[in-house]
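# Topology and contacts: notes
In case you want the letters, here they are:
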Amino acid sequence: MTTRRDFLCAVGVSGGAGAMFATMGALGLAPDAAHAAAPPYRAPRTGDFTLTGRTAKKVVILGGGVAGLAAAYELGKAGYDCTVLEARAVAGGRNRTIRGGDAETDLDGRTQRATFSPGQYLNAGPARIAQWMVTLDYCRELGVPVEVFTNSNADALIYNTGMTAPVRYRTAKADMFGYVSELLTKATSQGALDATLTPEDRDRLISFLSGFGGLTNGVYAGGGRRGYASPPGAGNDAGTLLGDPPALSETFASGVGRYFSFEFGYDQAMLMFQPAGGMDTIPRALTAAIGPRRVVLGAIVTSVTSADTGVIVEYTAGGRARELRADYCVATLPPHLMARVPHNLGTAVTAALNTFRVAPSGKIGLEYRTRWWEREMRIYGGITETDLDVSHIWYPSYDYHGRRGVVVGYYNTGQNALAYGNLTHPERLERALTAGALIHGPRYREDLASSFSIAWQKVPHLEGAWTGPPYGTPGYDLLLAPAGRVYFAGDWLSHSVAWQHGSFVSARAAVTALHSRVMTT
């Protein structure tokens, strides 16, 4: 007698996790789909076909970004015949690492060529990976070495308009946490929270705040947490403290408190990581695993037709019109670009693709002949935060004590990114240097060897950094299902937009759905 468990196991073997989960739902054994987490991913295997007498299918994948490459990689494990069509001259999509000799031509026709020294680079797109992200699993599987990315550094700086000088991150944090703790301690001690706290809870809270804020008898007075003008030394040298903190009102007015919440974000908390040698080692490794001949570069998709028996994709490559026929298609192009491709998938699909809001973003890499931020300021990696239009200044988290280094002179979004993107490349550089000099002084302009800037909204075949998905709308849900024989995937169909993790998990979902369909047809 076959038990229900045996039956589900058999379904899982033949159809994969997606088919098994769907069967569980039909039997009333699965949680509500609206609130359920995705089932554990199971990659397709050659045994799925050899054990069932079925054959792998031909799949055309539109877009050679991380989602497209991941889909081809996972399907390839079971023997699917995959072809990736990538419009740009390099695979990876927004996973783009700029090195010496690389060139980019913006939509406005302006071309820029990088002259970074050997070993120096700019991760123009994604640059960090959280520990929980499946991106790290792929790095392990593909043999991509990783190293720590310093996302938060106590010795980096904060500078806001109106400040006479930048302040160390540790100093600003100590003052903000100290004063907030002092205020809450006073309120608690004066009975303001008696309606909420028991006497025991009140004492525990005051004890916590004393340590959290570095208080003495309920009062914040600074101390070693703020930092030292000269650090402790030998013998009786206790070091020289920075001095008394600014007044509470001055600390609050400075606006430094706005920068501390990000480190509590699930996707921003330390430790974070980066691939050694540049983020594009990930798409390079994926391409090598797929087989470079399966990734067609310079292939611009001109139409997609889904029929009962397969999919026809027309594209141009090398100045010639071409056609590719396949059993299925996985479309990973950015939604606003996919919406422009002529297709027969229906007006509802086009409308849904057009509901994703496109976000602008930009970066500039500044290569210096000396790592003065390490030698003179003792800043080893991390990010300086500011309300200036550069938004963030990143110090390199690799090649410490090396001779040269690349500082990210700005990483901005929104209106700031649009403003920088509308400038010429020399104008972007000058504007970034002017802002950076307000923080680092004249030193910021010295020893500059080269620069390279990118405005993602002006990059051909991408035209944006990421999108804002219309979660919970019928259009969004429509794209989670196949349109005929065309499946959609990308970080834009995930809850990790702008992260490679989103691209990977979305690709896995499409692979699971496609493979389950093949195994049950």
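Residues numbered from 1 in each chain as written. Predicted model: local features only at pLDDT ≥ 70, side-chain atom pairs only at ≥ 80, totals over all residues. Heavy atoms only, no water.

## Some details on the overall build of the protein
Let me state the cut-off plainly: What counts as a helix is a DSSP run of H or I of at least four residues, what counts as a strand is a run of E of at least two, and both are numbered from the N terminus. Whether a residue is buried, partly exposed or exposed follows from its accessible area with a 1.4 Å probe, protein chains only, as a fraction of its type maximum: under 20%, in between, or over 50%, in that order. Residues are treated as being in contact if the distance between any of their heavy atoms lies within 4.5 Å. Method for areas: the Shrake-Rupley scheme with a 1.4 Å probe, in which residue coverage is limited to the protein chains shown.
Counting secondary structure elements, the protein contains 15 helices and 28 strands. For the protein, the spread of C-alpha atoms along the principal axes amounts to about 80 × 60 × 45 Å. By the burial criterion, 51% of the 521 residues in the protein qualify as buried. Within the protein, residue pairs in contact and separated by at least 24 positions form 69% of the contacts whose partners lie at least 6 positions apart. Accessible surface for the protein amounts to roughly 23,200 Å². Of this, 55% is attributable to carbon and sulfur atoms.

## Quick look at the sheet that holds strand 7 (residues 129-130)
Test applied: Being paired, for any two strands, means DSSP has found at least two bridges between them.
One open sheet holds the three strands; their spatial order is 7-15-8, and the pairing between them is antiparallel. Both outer strands of the open sheet, strand 7 and strand 8 (146-149), are each paired with one neighbouring strand and no more. Across four bridges, strand 8 lies against strand 15 (residues 272-275) in antiparallel orientation. The residue bridging Glu147 from the neighbouring strand is Gln274, located in strand 15.

## Let's talk about the pattern of salt bridges
Where we set the bar: Whenever Lys or Arg places a side-chain nitrogen within 4 Å of a carboxyl oxygen from Asp or Glu, that contact is recorded as a salt bridge.
In total, this model carries 29 salt bridges according to the counting rule given. For Arg96, the salt bridge identified is with Glu104, shortest N-O distance 3.0 Å. Take Arg96 and Glu104: they sit in the same class, and that class is buried. Note that Arg140 and Asp137 form a salt bridge whose closest N and O atoms lie 3.3 Å from each other. Remark: Asp137 and Arg140 occur in helix 4 (residues 134-142); sequence separation between them is three residues, near one turn of the helix. Here the salt bridges do not stand alone but share partners, grouping Arg88, Arg96, Asp102 and Glu104 into one network.

## Quick look at the packing of aromatic side chains
So the rule is basically this: Two rings belonging to Phe, Tyr or Trp (six-membered ring only in the last case) form a pair when the distance between their centres is within 6.5 Å. Interplanar angles under 30 degrees mark stacking, angles over 60 mark edge-to-face geometry, and anything in between is tilted.
With the rule as written, the count across this model stands at 23 aromatic pairs. Taking 5.8 Å as the distance between ring centres and 80° as the angle between the ring planes, the aromatic pair formed by Phe177 and Phe260 counts as edge-to-face. Here Phe260 lies in the loop between helix 7 (248-253) and strand 15 and Phe177 lies in helix 5 (residues 169-189), a separation of 83 residues in the sequence. Given the relative accessible area of 17%, Phe177 is considered buried.

## Observations regarding the packing of helix 5 against helix 6 (residues 199-213)
Quick note on the threshold: Helix axes are fitted only over the stretch in contact, all axes being lines through C-alpha atoms; the angle between N-to-C directions runs from 0 to 180 degrees. If an angle is under 35 degrees, it is roughly parallel; if it is over 145, roughly antiparallel; if it lies from 65 to 115, roughly perpendicular; otherwise it is oblique. If you view the pair so one helix is near and one far, a crossing is left-handed when the near helix is turned anticlockwise from the far one by less than a right angle, and right-handed when it is turned clockwise.
Helix 6 packs onto helix 5 with a crossing angle of 160° between their chain directions and a minimal axis gap of 9 Å. Classified by the angle between their axes, helix 5 and helix 6 sit roughly antiparallel to one another. Two packed elements cross with a definite hand, and for helix 5 against helix 6 that hand is left-handed. Where helix 5 approaches helix 6, its residues Phe177, Gly178, Ser181, Leu184, Thr185, Thr188 and Ser189 are matched on the opposing element by Arg202, Leu205, Ile206, Leu209, Phe212 and Gly213.

## Overview of helix 3 (residues 66-76)
With respect to burial, helix 3 is a largely interior element, ten of its eleven residues being buried. Three or more residues of helix 3 are buried, namely Val66, Ala67, Gly68, Leu69, Ala70, Ala71, Ala72, Tyr73, Glu74 and Leu75.

## Considerations on unusual backbone geometry
In the segment running from Met270 into Leu271, the intervening peptide bond is cis, with an omega of -5°. Tracing the backbone shows Leu271 in the loop between helix 7 and strand 15. Phi at Asp399 takes a positive value of approximately 55°, unusual for a residue other than glycine. With respect to the helices and strands, Asp399 occurs in the loop between strand 24 (392-395) and strand 25 (405-413).

## Here we look at the packing of helix 3 against helix 15 (residues 500-520)
Our working rule: Under the grouping applied here, Gly and all other residues not named as nonpolar or charged are polar, the nonpolar ones being Ala, Val, Leu, Ile, Met, Phe, Trp, Tyr, Cys and Pro and the charged ones Asp, Glu, Lys and Arg.
Contact pair helix 3 / helix 15: the axes reach a minimum separation of 8 Å and the direction vectors enclose 40°. Here helix 3 lies oblique to helix 15, going by the angle between them. The element helix 3 and its partner helix 15 pack so that their crossing is right-handed. Facing Val66, Ala67, Ala70, Ala71, Glu74 and Leu75 of helix 3, the residues of helix 15 in contact are Gln500, Ser503, Phe504, Ala507, Val511 and Leu514. Split into classes, the residues belonging to the contact of helix 3 with helix 15 amount to nine nonpolar, two polar and one charged.

## Observations regarding the sheet that holds strand 20 (residues 328-331)
If you walk across this open sheet you meet the five strands as 16-2-1-20-28, and the pairing is parallel. Edge positions in the open sheet fall to strand 16 (295-297) and strand 28 (486-488), since each of these has one partner strand only. Adjacent strand axes in the sheet meet at a mean angle of 20°, parallel and antiparallel pairs treated alike. As judged from the three bridges shared by strand 2 (residues 81-86) and strand 16, these two strands associate in the parallel manner.

## Remarks on the environment of Ile439
Looking at the secondary structure, you find Ile439 in helix 13 (residues 425-440). Judged by its relative accessible area of 6%, Ile439 falls in the buried class. It is 28 Å that separates the C-alpha atoms of Ile439 and Pro118, two residues lying 321 residues apart in sequence. Apart from the residues within four sequence positions on either side, Ile439 is in contact with Leu157, Tyr159, Pro166, Thr384, Thr386, Leu388 and Ile393.

## Remarks on the UniProt feature "domain: Amine oxidase" (unreviewed entry) in the protein
Keep this limit in mind: UniProt positions are given in the numbering used here, feature names are shortened, and annotations may be inferred rather than shown by experiment.
UniProt records the feature "domain: Amine oxidase" (unreviewed entry) for residues 66-514 in the present numbering. Annotated as residues 66-514, this span is 29% helix and 25% strand, and its ends, taken at the C-alpha atoms, are 18 Å apart.

## Focus: a nonpolar patch on the surface
Rules: Patch members must show over 30% relative accessible area and no salt bridge, and they are joined within 9 Å when carrying like charges or within 5 Å when they are nonpolar side chains of Val, Leu, Ile, Met, Phe, Trp or Tyr.
A grouping of Val148, Met270 and Leu271 is seen on the molecular surface, where their side chains present a nonpolar patch of about 210 Å² in accessible area. Owing to a relative accessible area of 37%, Leu271 belongs among the partly exposed residues under this scheme.

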